[in-house]
Amino acid sequence: MSADSTITTPAQAGADATGAAPGNRHLGIALFVIAAAQLMMVLDNTITNIALPSIQTDLGVSDANLAWIVNSYALAFGGLLLLGGKAGDLFGRLRMFQVGILIFTLASLMGGLAPNEGLLLGARVMQGVGAAIAAPSALALITTTFPVGRSRNTAMGVYAAMGGVGATVGMLLGGTLTETLSWRWVFFINIPIGLAVLAGTKSLVEAERHPGRLDIPGAITGTGGLITLVYAITRGGEHGWTNGLTLISFAASAVLLSAFLVLQYRVSDPMMPLRMFKDRNRSGSYATMLLIGSSMFATFYFLTLYMQLVLGYSAIQTGFAYLPFSIGMSAAAGVSSKLVTHFAPRLIAALGLTIGAAGMFWFSTLGTDSSYAGHLVPAMFVTATGLGAAFVPLTVTSVSGVDHLDTGVASALLNTAQQIGGALGLAVLSTISTSAADDKLPEAASSLYRGLAAKDFGLVSKASEALTHGYTVAFVGAGAIFLVGAVVTTLAVNAGKQQQTEGAAPAHMG
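An account of the accompanying structure is given in this report. Computed from a predicted structure; not experimentally measured.

**Brief notes about the overall build of the chain**
Then, number 1: For the chain, the count of helices and strands is 18 helices and zero strands.
Then, number 2: Taking all 510 residues of the chain together, 58% fall into the buried category.
Then, number 3: Partitioning the contacts of the chain with sequence separation of at least 6, the portion at a separation of at least 24 is 84%.
Then, number 4: Accessible area of the chain: about 18,800 Å², with a carbon and sulfur share of 68%.

Now the structure itself:
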């Protein structure tokens, strides 16, 4: 794509059968519906984090299975997004959006009522399935409901902001609901939101479908390969990289992912058309989003542990402590959605990621007695500002130039990159963090709990120092990943400013 290119997303859709664009009121409702759906699906990545201690105590969840309450959702979500995107292209984006929201809402009810960890894990997987069906259609429906130009850029900005704000809102809600009501309300809260979204879907505009069939073998090999890869990384950190089952898991992952790529090359209607990667802007956006996801979700995980275990914050204090992150993310995304009409996306995204990296390196200087106002707030705000600036241009370029028949898959790839990046990044960085902490004090986390139970403040102090060291090492790694993302964006994304007049006919690329 040349440096002076414009938005080439599908459609002039957004018009009804008579050719008239939807009214402003309907566009406002449509934007609310899509934003609420995206917020609900993204915040579920983090809303359970703060509730994990309560869930563990109430249901007797083992330490080994506790992390899977988070990862089972991320893996089902990320692993099935491509299949969900393809289903939207084949069976209708609006229909699949409604099906996905319905599954997600029912799974949330199941999670809130779960009497044991088995049913809770099952509910989390089903939430991931529902989100995987709905999420790619949400972004595709923006291109069919909102006319090209200012209104679509605004919708894209709001959608992108929800991707980051949802994570911090999840922390805020998770802490408030867990402490004031029960951990079960982190699931029940999705029910009224889901029902409201379903009621508002009449404001959305359906898109053209195309013939074909679902790539089930591709879904099995792709999802299986990703799950075994994350398991291998997690197990390697816990039991050693030469452990027999660790090595078997890595080998199985390599076989499954290789089979997936072969299938995508050979089948007539693949789940992930390899042609989607021929455009350097899309490939660069996907690669960068994977790197952002790998650092961002791990950052929330480590910051939450630091605030609760080291600083002694309660669940609700931890939730409210993330407000600067949410504010910074929202403000930067709003500004970025306007800047993409004046500057090349790579300039905005690369600058944002560099700022985000600076915030991560600021986090790496945390100590056991760092203050909230003097250290955490500015570091959060800097990081969030950088990420908010990067999300919008990457979201826009990921669907630029996509044929309208492929918009579901294109948007699914962006979400997949972020979700899978999050699962892989958490597995890798938590391994690094744990190793660094245990070098200072073996089994640092367990030592902290033992010290608190026995009121051995000397042991608590040593364990806190060891854990903080582990977290700060992980923050350095996360900052380095953001810098790599800035380089990838600079080198790969060459789209020009994203501006097109209302009513202009969009160009399409095959």
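**As for a nonpolar patch on the surface**
Then, number 1: Judged by side-chain polarity, L261, Y265, L274 and F277 come together as a nonpolar surface patch covering roughly 410 Å² of accessible area.
Then, number 2: Following the sequence through the fold, Y265 ends up in helix α10 (residues 244–266).

**Here's the deal with helix α8 (residues 190–200)**
Then, number 1: Buried within α8 are the following residues: N190, G194, V197 and G200. Buried residues of α8 fall within an arc of 130° about the axis and therefore sit on the same side. Facing away from the buried side of α8 by more than 90 degrees, the exposed set consists of L195 and A199.

**Quick look at the nonpolar core**
Then, number 1: Ranked by internal contacts, the top residues of the largest apolar core, which has 94 residues, are F97, I292, L303 and F363.
Then, number 2: Considering each element in turn, this core owes the most residues, 13 residues, to helix α11 (residues 280–310).
Then, number 3: In contact with F363, not counting residues within four places along its chain, are T299, L303, L376, A379, M380, T383, T472 and F475.
Then, number 4: Core analysis: the next-biggest nonpolar cluster, separate from the first, contains 16 residues, I55, L59, V169 and F187 among them.

**Quick look at the pattern of salt bridges**
Then, number 1: Taken as a whole, this structure holds one salt bridge when the rule is applied.
Then, number 2: Residues D58 and R184 are paired through a salt bridge, measuring 3.9 Å at the closest nitrogen-oxygen approach. One end of the pair, D58, is in helix α2 (residues 52–59); the other, R184, is in the loop between α6 (150–180) and α7 (185–188), and 126 residues separate them in sequence.
Then, number 3: Among the residues examined, D58 registers a relative accessible area of 47% and is labelled partly exposed.

**Here's the deal with the packing of helix α4 (residues 93–113) against helix α5 (residues 117–145)**
Then, number 1: Two numbers describe how α4 lies on α5: the axes approach to 7 Å, and their chain directions differ by 155°. By the angle between their axes, α4 is roughly antiparallel relative to α5. Seen from above, α4 lies across α5 with left-handed handedness.

**Let's talk about α10**
Then, number 1: In a regular helix each residue adds 1.5 Å, so 23 residues correspond to 33 Å; α10 covers 33 Å between its end C-alpha atoms and thus fits that length.
Then, number 2: Among all positions in α10, only T246, S249, S253, F260 and Q264 are buried.
Then, number 3: Capping the start of α10, N243 holds a side-chain oxygen 3.0 Å from the backbone nitrogen of L245, two or three residues further along.

**Points about the side chain of Q264**
Then, number 1: Mapped onto the elements of the fold, Q264 is located in helix α10.
Then, number 2: For Q264, a relative accessible area of 3% corresponds to the buried category.
Then, number 3: Residues in contact with Q264, not counting those within four places in the same chain, are D215, G218, P270, M271, M272 and L274.

Cut-offs and rules
- Residues numbered from 1 in each chain as written.
- Predicted model: local features only at pLDDT ≥ 70, side-chain atom pairs only at ≥ 80, totals over all residues.
- Heavy atoms only, no water.
- Helix = DSSP H or I, 4+ residues; strand = E, 2+ residues; numbered from the N terminus.
- Buried < 20%, exposed > 50% of the residue type's maximum accessible area, 1.4 Å probe, protein only.
- Contact = heavy atoms within 4.5 Å.
- Areas by Shrake-Rupley, 256 points an atom, 1.4 Å probe, with all protein chains shown as cover.
- Patch = residues over 30% accessible without salt bridge, like charges linked within 9 Å, V, L, I, M, F, W, Y side chains within 5 Å.
- Salt bridge = Lys/Arg side-chain N within 4 Å of Asp/Glu carboxyl O.
- Arc of directions from axis to C-beta.
- Core = buried A, V, L, I, M, F, W, Y, C linked by side-chain atoms within 4.5 Å.
- Axes fitted to C-alpha atoms, helices over the stretch in contact; angles between N-to-C directions.
- Parallel < 35°, antiparallel > 145°, perpendicular 65-115°, else oblique.
- Left-handed = near helix turned anticlockwise from the far one by under 90°.
- Expected span 1.5 Å × (residues − 1).
- Polar contact = N/O pair within 3.5 Å; in protein donor to acceptor, adjacent residues only side chain to side chain.

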